[in-house]
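Chain and residue survey
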Amino acid sequence: MTGAPSHDPSEAAPLVEARGVSLRFGRRSVLDSVDIAVRAGEIVTLVGLNGAGKSTLIRVILGIVEPDSGEVLQRPGLRIGYVPQHMQRDPVLPMTVERFMTLGSPAPRGTLQRVLDEVGADPILGHPLAEISGGEMQRVMLARALLREPQLLVLDEPLAGVDVTSQSDLYRLIADIRDRRGCGVLLVSHDLHLVMAATDAVVCLNRHVCCTGRPQTVLRHPEFISLFGPHLSETLAVYQHAHDHRHDALGEPLSNEAGSPERSRPAGRHR
């Protein structure tokens, strides 16, 4: 298992990169000249309204859908772990978590226990798949993706079906996995509050890339404000400010050597 790189991820060659990707479904443009790149050790989050092309872009990057124009470049031999947006579970299908995790890719029981323990789901290896909670299911899906020892994790709406109290825990888990393994993470999310506190870079998509960059930069971009409204942008900016530093035991912001509040990096190592 490879530790997180100490250098700035922005200086490394991308693990995967889409250049000028365009795609049409009939007469409808789904993606228009989209550029995106993910490097080792960084979390990149795709945001946008429903129908913006986020899941379609993920499928293009994974090679499931061929774009009409543009190209997707992958580092040679790149190992990708993928967690799809939805996983239908048949309540009458007698399948355990262990059986599900080994479908198409056998693995020793000890290895399964190790990755389930890494995602905080070790006790459920023998449980029926249909009986575990939504949050447990997402952890199982993530553990299954980790069996590939991925250099890149691709997560399409990882909080789907997860209760509110578990959402921030899952985001912290994703960041911890990035830190331990040094992998890149590309995820799609609708939860902008968590995204803005837990990602290195944001790509705002509306069939084309409206804006991209660090969360603080994207929040101020006119196209982001146009899509999501000034009130949400202002709310998220306040949320960012309130969570972008650490506090002492009395609740006062800690200061760095320059005397200004010291920046914390709760889940993403901002560049």
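Now for a look at the structure at hand. (Residues numbered from 1 in each chain as written. Predicted model: local features only at pLDDT ≥ 70, side-chain atom pairs only at ≥ 80, totals over all residues. Heavy atoms only, no water.)

1. Structural notes on the overall build of the chain
Note the threshold: The secondary structure listing takes helices from DSSP runs of H or I that are at least 4 residues long and strands from runs of E that are at least 2 residues long, numbered from the N terminus. Each residue's exposure class comes from its accessible area (1.4 Å probe, protein chains only) as a fraction of the maximum for that residue type: buried when under 20%, exposed when over 50%, partly exposed otherwise. Contacts are assigned to residue pairs that have any heavy atoms within 4.5 Å of one another. The Shrake-Rupley method, run with a 1.4 Å probe, gives the accessible areas here. Residue values count only the displayed protein chains as cover.
The number of helices and strands found in the chain is nine helices and nine strands. Classification of the 271 residues of the chain by burial places 45% in the buried group. Of the contacts formed within the chain by residues at least 6 apart in sequence, a portion of 68% connects residues at least 24 apart. Total accessible area on the chain stands at roughly 13,400 Å², and carbon and sulfur atoms take up 51% of it.

2. A few points about the sheet that holds strand β2 (residues 28-38)
Strand pairing within a sheet occurs via backbone hydrogen bonds; the two strands may be parallel or antiparallel. Quick reminder of the rule: Being paired, for any two strands, means DSSP has found at least two bridges between them. Where helices are involved, their axes are fitted lines through C-alpha atoms of the stretch in contact, as for all axes, and angles between N-to-C directions lie from 0 to 180°.
Sheet architecture is open: three strands sit in the order β2-β1-β4, paired in antiparallel fashion. With one partner strand each, in any of the chains shown, β2 and β4 (69-74) form the two edges of the open sheet. Ignoring strand direction, the axes of neighbouring strands in this sheet form an average angle of 20°. Judged from the seven bridges that link them, strand β1 (residues 16-25) and β2 form a sheet pairing that is antiparallel. From the neighbouring strand, L23 faces β2, where its bridge partner is L31.

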